[in-house]
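# Coordinates in review
Below are the chains, spelled out letter by letter.
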Amino acid sequence: MKTLALAERDGLPDALRVLLAEYPRDGWELDPGFDGLIRFWLDRHLMFRKLLGELRSGTEALLDRKIEADRFAGLTSRYGGMLVNGLHEHHTIEDKYYFPKLVKKDARIAKGFAILDKDHHDLDEFLAAFVGRANEVLGLTANRNKLQTAAGHFQTELAKLEGLLDRHLIDEEELIVPVILRYGSRDLG
């Protein structure tokens, strides 16, 4: 049996994608129900992806010696803080406010919200590892040789986080957007 753990899955099972079959991704923006809440939600996800991209680019530049250590430290601190704080806030709002309301709209996909909630808890562990690696790198900016080694480890941690977060965001989008397109967002605020 295929596991549904974030670090091991390659998508949600078909049984949880029933609304996605009715509301495929390529038609979302054309749907009259594609409203401000959906746009806001997808924009937040895009922001997280962009922050990860900036962190990846900055780390690659440091490893290729195309950026100074102080500049890298500033960018990593800024973008890393925005990413971690933004994700914690976003996931808290989803878990406490949106998921409890969305889960009631269609019993066929209720298990999907439990999976997404578990993802949030699993991602906390990966975010903690990311923060630990980031702090390690930031603490070594004065020692370029040690910094290069630590940046390589940070790059590995960043790639892992980026892959897991992308998997989670895709699954979340493909579960939530069709629910809102089908049932509306009036009671979601």
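Up top is the structure these notes are about.
So, here is what we can say about the structure in this document.

Calculation notes
- Residues numbered from 1 in each chain as written.
- Predicted model: local features only at pLDDT ≥ 70, side-chain atom pairs only at ≥ 80, totals over all residues.
- Heavy atoms only, no water.
- Helix = DSSP H or I, 4+ residues; strand = E, 2+ residues; numbered from the N terminus.
- Buried < 20%, exposed > 50% of the residue type's maximum accessible area, 1.4 Å probe, protein only.
- Contact = heavy atoms within 4.5 Å.
- Areas by Shrake-Rupley, 256 points an atom, 1.4 Å probe, with all protein chains shown as cover.
- Lys, Arg positive; Asp, Glu negative; His and termini not counted.
- Charge placed at Lys NZ, Arg CZ, Asp CG, Glu CD.
- Salt bridge = Lys/Arg side-chain N within 4 Å of Asp/Glu carboxyl O.
- Core = buried A, V, L, I, M, F, W, Y, C linked by side-chain atoms within 4.5 Å.
- Axes fitted to C-alpha atoms, helices over the stretch in contact; angles between N-to-C directions.
- Parallel < 35°, antiparallel > 145°, perpendicular 65-115°, else oblique.
- Left-handed = near helix turned anticlockwise from the far one by under 90°.
- Nonpolar A, V, L, I, M, F, W, Y, C, P; charged D, E, K, R; others polar.
- Phe/Tyr/Trp six-rings, centres within 6.5 Å; stacked < 30°, edge-to-face > 60°.
- Polar contact = N/O pair within 3.5 Å; in protein donor to acceptor, adjacent residues only side chain to side chain.

### Quick word on the overall build of the chain
For the chain, the count of helices and strands is five helices and zero strands. Along the chain direction, N to C, the helices and strands of the chain fall in the order α-α-α-α-α. In terms of overall dimensions, the chain has a C-alpha envelope of 55 × 35 × 30 Å along the principal axes. Counting across all 189 residues of the chain, residues that qualify as buried make up 47%. Once local pairs closer than 6 in sequence are excluded, the contacts in the chain between residues at least 24 apart make up 84%. For the chain, the accessible surface area stands at approximately 9,700 Å², while carbon and sulfur atoms represent 53% of it. Computing the positive centroid from 27 side-chain charges and the negative centroid from 32, the chain places the two 1 Å apart.

### A look at the pattern of salt bridges
Inspection of every chain in the model, using the stated rule, returns 16 salt bridges. Linking Arg 9 and Asp 171 is a salt bridge whose minimum nitrogen-to-oxygen distance equals 2.6 Å. Here Arg 9, found in the segment before helix H1 (18-22), pairs with Asp 171, found in helix H5 (residues 144-183); they are 162 residues apart in sequence, far enough to count as distant. Just as Arg 9 is buried, Asp 171 falls in that class too. Residue Asp 106 pairs with Arg 108 through a salt bridge whose shortest N-O separation is 2.7 Å. Its relative accessible area of 41% is what places Arg 108 among the partly exposed residues. One salt-bridge network, in which partners are shared between bridges, spans Arg 17, Arg 25, Arg 49, Asp 166, Glu 173 and Glu 174.

### Structural notes on the nonpolar core
Grouped together as the largest cluster of nonpolar side chains are 29 residues, with contacts concentrated most on Leu 83, Phe 130, Phe 154, Leu 161 and Leu 165. Contributions of two or more residues to this core are made by helix H2 (36-63), helix H3 (69-102), helix H4 (110-138) and H5. Among the elements that make up this core, the one with the highest residue count is H5 (nine residues).

### Remarks on the packing of H2 against H5
Describing two packed helices takes the angle between their axes plus the distance from one axis to the other. At a closest axis distance of 9 Å, the pairing of H2 and H5 adopts a crossing angle of 165 degrees. In terms of orientation, H2 and H5 fall into the roughly antiparallel class. Relative to H5, H2 is oriented so that their crossing is left-handed. Considered class by class, the residues forming the contact of H2 with H5 number 21 nonpolar, six polar and eight charged.

### Brief notes about the packing of aromatic side chains
Where two aromatic rings form a pair, the distance of their centres and the angle of their planes describe that pair. In the structure shown here, the tally under the stated rule is four aromatic pairs. An angle of 80 degrees between the planes, with centres 5.0 Å apart, marks the rings of Tyr 97 and Tyr 98 as edge-to-face. An aromatic cluster is defined as three or more aromatic residues linked by ring pairs; in this entry it consists of Trp 41, Tyr 97 and Tyr 98.

### Side note on the side chain of His 120
Along the chain, His 120 turns up in helix H4. Residue His 120 is classed as buried on the basis of its relative accessible area of 2%. One polar contact links His 120 to Glu 172, side chain to side chain, over a distance of 3.3 Å. Once you skip the residues sitting within four places of it in the chain, His 120 turns out to touch His 91, Glu 94, Asp 95, Phe 99, His 168 and Glu 172.

### Focus: the environment of Asp 166
Mapping Asp 166 onto the fold places it in helix H5. According to the relative accessible area criterion, Asp 166 is partly exposed, its value standing at 31%. Put simply, Asp 166 and His 45 are 121 residues apart on the chain and 8.9 Å apart in space, counted from C-alpha to C-alpha.

### Structural notes on the side chain of Thr 76
Of note, Thr 76 is situated in helix H3. Those residues within four positions of Thr 76 in sequence are excluded, and the remaining contacts are Leu 55, Gly 81, Ala 134, Leu 138 and Phe 154.

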